[in-house]
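# What the coordinates show
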Amino acid sequence: MCDERLKEFSRQRLGGRHVPEDVRLLATAQWEGRGHPFEQFGITVLEPSAPHPLTDFSYLSDKERADPDIMANCAASEQMATYLKAVAQDEDGSFYGYWLHPQQRLDRQPPPVVKVDSELTYWELGGRTFSEACLYDIAFDDDELFAEVAAALVKLHVSVSAGSREGLGELPADPAPEDVHRRLYYAERERLGLPAES
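Throughout what follows, the structure given in this document is the object of discussion. Every value quoted in this text rests on a predicted model; they were computed, and no experiment measured them. (Residues numbered from 1 in each chain as written. Predicted model: local features only at pLDDT ≥ 70, side-chain atom pairs only at ≥ 80, totals over all residues. Heavy atoms only, no water.)

## Some details on the environment of G169
This is how the line gets drawn: What counts as a helix is a DSSP run of H or I of at least four residues, what counts as a strand is a run of E of at least two, and both are numbered from the N terminus. In this scheme, a residue with accessible area under 20% of its type's maximum is buried, one over 50% is exposed, and one in between is partly exposed, where area comes from a 1.4 Å probe on protein chains only. Contact definition: two residues touch when any of their heavy atoms are within 4.5 Å.
On the secondary structure map, G169 appears in the loop between α6 (143-155) and α7 (177-191). Its relative accessible area of 24% is what places G169 among the partly exposed residues. Apart from residues lying up to four places away in sequence, G169 is in contact with G126, G127 and R128.

## Observations regarding the pattern of salt bridges
The line we're drawing: Should a side-chain nitrogen of Lys or Arg be within 4 Å of a carboxyl oxygen of Asp or Glu, the pair is scored as a salt bridge.
Applying the stated criterion across every chain, the model contains 9 salt bridges. As a salt-bridge pair, R11 and E8 come within 2.9 Å of each other at their nearest N and O atoms. With R11 and E8 both in helix α1 (residues 2-13) and 3 residues apart, this pair spans about one turn of that helix. Residue class for R11 comes out exposed when judged on its relative accessible area of 51%. The class for E8 is partly exposed, based on a relative accessible area of 29%. Residue D179 pairs with R182 through a salt bridge whose shortest N-O separation is 3.0 Å.

## Side note on the sheet that holds strand β5 (residues 122-124)
Stated precisely, the cut-off is as follows: DSSP bridges decide pairing: two strands pair if at least two such bridges lie between them. The axes used here are C-alpha line fits, helices contributing only the stretch in contact, and every angle between their N-to-C directions lies in the interval 0 to 180 degrees.
In space, the 5 strands of this open sheet follow the order β1-β2-β3-β4-β5, with antiparallel pairing throughout. Both outer strands of the open sheet, β1 (44-45) and β5, are each paired with one neighbouring strand and no more. Bridging between β1 and strand β2 (residues 84-89) involves 2 bridges; their strand directions are antiparallel. Within β2, the position partnered with T44 by the bridge is Q89. Taken strand by strand, helix α5 (residues 130-139) contacts β2, β3 (95-99) and β4 (113-116), and its axis lies near 135 degrees from that of β3.

## Things to note about the side chain of H181
Definition in use: Contacts described as polar in this section are N or O atom pairs within 3.5 Å, which, within protein, must combine one atom able to donate a hydrogen with one able to accept it, while residues neighboring in sequence count only if both atoms come from side chains.
For H181, the location among the structural elements is in helix α7. Polar contacts involving the side chain of H181 include one to the side chain of Y122, which spans 2.7 Å. In this structure, H181 is in contact with N73, A76, S77, M80, L120 and Y122, ignoring residues within four places of it in sequence.

## Details of the pairing of β4
Alternating positions in β4 separate into two faces, V113 and K115 on one and V114 and V116 on the other, with burial throughout. Two strands pair when backbone bridges link them, and β3 and β4 are joined in this way by 4 bridges, in the antiparallel orientation. Within β4, the position partnered with G97 by the bridge is V114. Where β4 lies against β5, 3 bridges are found, and the strand directions are antiparallel. When the bridges of β5 are listed, V114 appears paired with E124. Hairpin connection, β4 to β5: the antiparallel pair is bridged by 5 residues, and L120 has positive phi, about 60 degrees.

## Looking at the side chain of R13
What counts, and what does not: All tallies of charge rest on Lys and Arg as positive and Asp and Glu as negative; His and the ends of each chain are not included.
Turning to its location among the elements, R13 is positioned in helix α1. The side chain of R13 sits in the buried core without any salt bridge; E47 is the nearest counter-charge, 8.3 Å away. Within the local environment of R13, its side chain forms a polar contact with the backbone oxygen of P48, the two atoms lying 3.3 Å apart. In contact with R13, not counting residues within four places along its chain, are E8, L46, E47, P48, S49, A50, P51, H52, K85 and A86.

## Some words on the nonpolar core
Nonpolar side chains tend toward joint burial in soluble globular proteins. Our working rule: Nine residue types can take part in a nonpolar core, namely buried Ala, Val, Leu, Ile, Met, Phe, Trp, Tyr and Cys, and a core is a set of them joined through side-chain atoms within 4.5 Å.
The biggest cluster of nonpolar side chains holds 37 residues, and the ones touching the most others in it are F9, F38, Y98, F130 and L135. For this core, the secondary structure elements donating two or more residues are α1, α2 (21-31), β2, β3, α5 and α6. Broken down by element, the residue count for this core peaks at 7 residues, all from α5. Grouped together as the second largest cluster of nonpolar side chains are 17 residues, A76, L84, V114 and V180 included.

## What to know about the packing of helix α4 (residues 68-80) against α7
Heads up, the rule is: In these notes the angle categories are as follows: under 35 degrees is roughly parallel, over 145 is roughly antiparallel, 65 to 115 is roughly perpendicular, and the rest is oblique. Here a crossing is called left-handed whenever its near helix is offset anticlockwise from the far helix by less than a right angle, and right-handed whenever the offset is clockwise.
The contact between α4 and α7 brings their axes to 8 Å, and the two run at 130 degrees. By the angle between their axes, α4 is oblique relative to α7. The two elements α4 and α7 cross, and the hand of that crossing is right-handed. Residues D69, A72, N73, A75, A76, S77, Q79 and M80 of α4 pack against P177, V180, H181, L184, Y185, E188 and R189 of α7.

In structure tokens, the structure reads:
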């Protein structure tokens, strides 16, 4: 059952790319009801069929849908979804995903992980894997919490390459997601005949 679900996850969430080992372990633990350490922080792996958070505008009112500036931002978000593959979401509506922009160098390293909050702010996270990026985000400056969650990940056979947040490597997102979104947004405003700046 999980194998089929992972295949669907690969197809729907990652554009057919291989599901990284740590994501596979997290997803399997969640789907089998065993749980994973990030769930206590409200972070869950998205279902394969769940809409991409950047393309779900069901929350918009009719008045907001009639606002061309808001719709320009929505159009930019939809385009961003082709570059940012959503993997997990938290209770506040933020989500975590792989940055796979065609200009990003992916030949020698895994893709960087980016967090996007409900205000469409893009946060580039440290860590060399998806799990390390989530750990980097939740631990912040709490070394004890870092060690606790890292130990729980190891019990799931998810390795962590450092003993502290500061020790995690960084995979810079290039071009920066925030910049790409801004360019797409202004291009959409221009396409709609709106002034260059709102």
